[in-house]
Amino acid sequence: MTRAKLDKKPQDVAAMFDGIAENYDLVNDVISLGQDRIWRKAVVNAVEAYSGELVLDLAAGTGTSSESFVKKGARVIACDFSLGMLTTGAKRRGGASTGGVTFVAGDALSLPFADETFDAVTISFGLRNVSDVDQALRELLRVTKVGGRLVICEFSHIPVEFVDKLYSTYLMAALPKIAGAVSGRGESYDYLSESIMAWPKQADLARHLQDAGWSRVAWRNLSTGIVALHRGFREK
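Since the model is a prediction, treat every value here as computed from it, not as a measurement.

### A few points about the packing of aromatic side chains
For any pair of aromatic rings, the description consists of the separation of the ring centres together with the inter-plane angle of the planes.
For step 1, the next point in the chain: Enumeration according to the criterion identifies 4 aromatic pairs in this entry.
For step 2, the next point in the chain: Taken together, a centroid distance of 5.9 Å and an interplanar angle of 90 degrees make the contact between Trp 39 and Phe 155 edge-to-face. Of the two residues, Trp 39 is situated in helix α3 (residues 35-47) and Phe 155 in strand β6 (residues 144-155); the sequence distance between them amounts to 116 residues.
For step 3, the next point in the chain: Residue classification places Trp 39 among the buried residues on the basis of a relative accessible area of 5%.
For step 4, the next point in the chain: For Phe 155, a relative accessible area of 15% puts it in the buried group.
For step 5, the next point in the chain: On the basis of an interplanar angle of 90 degrees and a centroid distance of 5.1 Å, the ring pair of Phe 113 and Phe 118 is categorised as edge-to-face.
For step 6, the next point in the chain: Judged by relative accessible area, which is 0%, Phe 118 ranks as buried.
For step 7, the next point in the chain: The rings of Trp 39, Phe 125 and Phe 155 are connected pair by pair, giving a single aromatic cluster.
For step 8, the next point in the chain: Above the face of the Phe 233 ring, Arg 216 is positioned so that its terminal group lies 3.9 Å from the ring centre.

In structure tokens, the structure reads:
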């Protein structure tokens, strides 16, 4: 198992997600106490996808997040590098391209799409799993149309330090046990706990977005900072 404090080997991370694909959505619902539904709704509102627009949902997993954009009238490419996740999602939806969602295998560091393809791009709870965050942000910029926007939803840090430390204690101790009881793969959630703790704070991630070329970068906290939404625009 690749540890969060070491370089993330794509094949190891993909294999980990392959192993938890079947119960992934259920586990997310349990360990977040249903908050993941609120977070998904916040992402949809922030992306503001309109009818006829094309949205890239990167690290889409089984496509649960992608369905929300379709309800707004957009077409969605659900992209992930875990074939297990994509297969599970396509099976549940009755096909790899149906109902406005198309599943595509792809690596965040080298996206299989032409320049300026998408009106909006988004990634939820996946950016911290890539081995080169800056390259992923540049790739997302490349495939976004001029005038298009980016929304990132990611686990983050509670602004009050002692509360954040208490939350970290929960992540390391309770989360893998709870997730393991539901999924039978608690060791995978050891990695996820570590990756959350190692993730940069909100302002630091905002600087990464600016360095990658995104403009008008801003963020807001959800659930007191357990999760943060970052937004940026491609202006040239």
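### Some details on the pairing of strand β2 (residues 75-80)
For step 1, the next point in the chain: With 5 of 6 residues buried, β2 lies mostly within the body of the structure.
For step 2, the next point in the chain: As paired elements, strand β1 (residues 54-58) and β2 share 5 bridges and run parallel to each other. Residue pairing for β2: Val 55 is matched across the bridge by Val 76.
For step 3, the next point in the chain: Between the parallel pair β1 and β2, the chain is carried across by helix α4 (residues 64-70), and the sense of this crossover is right-handed.
For step 4, the next point in the chain: Sheet analysis places β2 next to strand β4 (residues 101-105), joined by 5 bridges and oriented parallel. Residue pairing in the sheet places Cys 79 in a bridge with Val 104 of β4.

### Thoughts on helix α5 (residues 83-93)
For the α-helix, the turn length of 3.6 residues means that residues three or four positions removed from each other point alike.
For step 1, the next point in the chain: All of the buried residues in α5 are Gly 84, Met 85, Leu 86, Thr 88, Gly 89 and Ala 90.
For step 2, the next point in the chain: Immediately beyond the C-terminal end of α5, within one or two residues, lies Gly 94, with a positive phi of roughly 85 degrees.

### As for the pattern of salt bridges
For step 1, the next point in the chain: Within this structure, the stated rule accounts for 10 salt bridges.
For step 2, the next point in the chain: The salt bridge partner of Glu 53 is Arg 149, with a shortest N-O separation of 2.7 Å. Of this pair, Glu 53 sits in the loop between α3 and β1 while Arg 149 sits in strand β6, placing them 96 residues apart in sequence. Per residue, the accessibility class of Glu 53 equals that of Arg 149, and both read buried.

### Overview of the sheet that holds β6
For step 1, the next point in the chain: Taken in spatial order, the 8 strands of this open sheet run β3-β4-β2-β1-β5-β6-β8-β7, and their pairing is mixed. Pairing within the sheet leaves two strands with one partner each, and these edge strands are β3 (97-98) and β7 (215-222).
For step 2, the next point in the chain: By the bridge criterion, 2 bridges tie β3 to β4 in an arrangement that is antiparallel. Pairing of Thr 98 across the sheet is with Val 101, part of β4.
For step 3, the next point in the chain: Relative to the sheet, α3 contacts β5 (118-124), β6, β7 and β8 (227-233), its axis offset from that of β6 by approximately 165 degrees.
For step 4, the next point in the chain: α5 rests against β2, β3 and β4 of the sheet, and its axis sits at about 160 degrees to β4.

### A short note on the confidence of the model for the protein chain
For step 1, the next point in the chain: Looking at the protein chain as a whole, the pLDDT averages 84, with 76% of positions reaching at least 70.
For step 2, the next point in the chain: In this model, residues 1-7 is a region of pLDDT below 50 whose contacts with residues beyond four sequence positions or in other chains number 15 contacts.

The rules we used
- Residues numbered from 1 in each chain as written.
- Predicted model: local features only at pLDDT ≥ 70, side-chain atom pairs only at ≥ 80, totals over all residues.
- Heavy atoms only, no water.
- Phe/Tyr/Trp six-rings, centres within 6.5 Å; stacked < 30°, edge-to-face > 60°.
- Helix = DSSP H or I, 4+ residues; strand = E, 2+ residues; numbered from the N terminus.
- Buried < 20%, exposed > 50% of the residue type's maximum accessible area, 1.4 Å probe, protein only.
- Lys NZ or Arg CZ within 6 Å of the ring centre and 35° of its normal.
- Pairing = 2+ DSSP bridges.
- Right-handed = clockwise from strand over helix to strand, strands pointing away.
- Salt bridge = Lys/Arg side-chain N within 4 Å of Asp/Glu carboxyl O.
- Contact = heavy atoms within 4.5 Å.
- Axes fitted to C-alpha atoms, helices over the stretch in contact; angles between N-to-C directions.
- pLDDT = per-residue confidence, 0-100.

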